[in-house]
Amino acid sequence: MRIEKLYPMTSARLMVIDVAATLQAAAVTLSNPGIGLAIVSARNGKAAGVLSKSDLVRHLTDSEQPTTVEALMSRNIVSCSPVDDLQAAWQVMVENRLQNMPVLGSDEKPLGVLDIRDALKVLFEQEQLQEHMLANYVAGIGY
């Protein structure tokens, strides 16, 4: 299954903040339920980095110095595209220990955020369907 099939889920989790935003603005963005990652965009609308709740909390516990999103964001973006296979994207998330992964278009503009729980739910449902079809095949039902 391609990630584009999950567009309703991935687009609902999309939060984009400007590279020059304050950490207070980032905290407001990340305080929304179900949002664990904000995509930081440059002036051209392309993804410049990502900021997670964990990044923000880590900064607040380590430092009292005010800073901008640009100084705190992760510039190394591990992302997927809408045409990527969901199973492959899930494996990348597991290997990189990611809870959320940006979905970027070919122009590097943010389209959504894939949450690992959503990916697992869909993959599990696919496995259940395969198991049901196999059981029907073995039982000779529907063929």
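- Within an unreviewed UniProt entry, the label attached to the protein reads CBS domain-containing protein, and the organism entered is Mycoplana rhizolycopersici.

**Quick notes on the overall build of the protein**
Piece 1. For the protein, the count of helices and strands is six helices and five strands.
Piece 2. Helices (α) and strands (β) of the protein occur, in sequence order from the N terminus, as α-β-α-β-β-α-α-α-β-β-α.
Piece 3. Relative to the globule expectation of 15 Å for 143 residues, the C-alpha radius of gyration of the protein, 18 Å, shows a markedly less compact shape.
Piece 4. With respect to the principal axes defined by its C-alpha atoms, the protein has extents near 70 × 30 × 25 Å.
Piece 5. Taken across its 143 residues, the protein has 34% of its residues classed as buried.
Piece 6. Relative to all contacts within the protein whose residues are 6 or more apart in sequence, the contacts with residues 24 or more apart total 52%.
Piece 7. For the protein, the exposed surface amounts to about 8,800 Å²; the carbon and sulfur share of it is 54%.

**Overview of the packing of helix α2 (residues 23-30) against helix α3 (residues 53-62)**
A pair of packed helices is captured by two measures, namely the crossing angle of their axes and the spacing between those axes.
Piece 1. The N-to-C vectors of α2 and α3 enclose an angle of 135°; their axes lie 10 Å apart at closest approach. Regarding the angle of α2 to α3, the classification is oblique. Along this stretch, α2 crosses α3, giving a crossing that reads as left-handed. Seen from α2, the contacting residues are Leu 23, Ala 26, Ala 27 and Leu 30; seen from α3, they are Lys 53, Leu 56 and His 59.
Piece 2. Grouping the amino acids of the contact of α2 with α3 by side-chain chemistry returns five nonpolar, one polar and one charged.

**Some words on the side chain of His 59**
Piece 1. Topologically, His 59 is positioned in helix α3.
Piece 2. Here His 59 falls in the buried class, since its relative accessible area comes to 13%.
Piece 3. Not counting chain neighbours up to four residues away, the residues in contact with His 59 comprise Leu 23, Gln 65, Thr 67 and Leu 72.

**Some points on the side chain of Arg 13**
Piece 1. Take Arg 13: it is sitting in the loop between α1 (7-12) and β1 (16-18).
Piece 2. A relative accessible area of 17% places Arg 13 in the buried class.
Piece 3. Side-chain polar atoms of Arg 13 contact the backbone oxygen of Gly 34, separated by 2.6 Å.
Piece 4. In contact with Arg 13, other than residues within four places in its own chain, are Gly 34, Ile 35, Leu 37, Val 113, Asp 115, Arg 117 and Asp 118.

**Side note on the sheet that holds strand β2 (residues 37-41)**
Piece 1. Read from one edge of the open sheet, three strands run β1-β2-β3, paired in mixed fashion. Of all the strands in the sheet, just β1 and β3 (47-52) have a single pairing partner and so form its edges. For this sheet the average axis-to-axis angle between neighbouring strands, irrespective of direction, equals 35°.

**As for a nonpolar patch on the surface**
Piece 1. Together, Leu 134, Tyr 137 and Val 138 give the surface a local cluster of nonpolar side chains, amounting to about 370 Å² of exposed area.
Piece 2. Along the chain, Tyr 137 turns up in helix α6 (residues 116-139).
Piece 3. Exposure remark for Tyr 137: the relative accessible area of 54% places this residue in the exposed category.

**Focus: the pattern of salt bridges**
Piece 1. Going through the model one piece at a time under the given rule, you end up with seven salt bridges.
Piece 2. Between Arg 13 and Asp 115 there is a salt bridge, with its nearest N and O atoms 4.0 Å apart. On the criterion of sequence distance, the pair formed by Arg 13 in the loop between α1 and β1 and Asp 115 in strand β5 (residues 110-115) is long-range, its members being 102 residues apart.
Piece 3. The salt bridge partner of Arg 13 is Asp 118, with a shortest N-O separation of 2.8 Å. With Arg 13 in the loop between α1 and β1 and Asp 118 in helix α6, the pair connects residues that are 105 residues apart, well separated along the chain. In this pair, the class of Arg 13 matches that of Asp 118, namely buried.
Piece 4. Linked by salt bridges that have partners in common, Arg 13, Asp 115, Arg 117 and Asp 118 make up one network.

Rules and cut-offs
- Residues numbered from 1 in each chain as written.
- Predicted model: local features only at pLDDT ≥ 70, side-chain atom pairs only at ≥ 80, totals over all residues.
- Heavy atoms only, no water.
- Helix = DSSP H or I, 4+ residues; strand = E, 2+ residues; numbered from the N terminus.
- Rg over C-alpha atoms; globule rule 2.2 N^0.38 Å.
- Buried < 20%, exposed > 50% of the residue type's maximum accessible area, 1.4 Å probe, protein only.
- Contact = heavy atoms within 4.5 Å.
- Areas by Shrake-Rupley, 256 points an atom, 1.4 Å probe, with all protein chains shown as cover.
- Axes fitted to C-alpha atoms, helices over the stretch in contact; angles between N-to-C directions.
- Parallel < 35°, antiparallel > 145°, perpendicular 65-115°, else oblique.
- Left-handed = near helix turned anticlockwise from the far one by under 90°.
- Nonpolar A, V, L, I, M, F, W, Y, C, P; charged D, E, K, R; others polar.
- Polar contact = N/O pair within 3.5 Å; in protein donor to acceptor, adjacent residues only side chain to side chain.
- Pairing = 2+ DSSP bridges.
- Patch = residues over 30% accessible without salt bridge, like charges linked within 9 Å, V, L, I, M, F, W, Y side chains within 5 Å.
- Salt bridge = Lys/Arg side-chain N within 4 Å of Asp/Glu carboxyl O.

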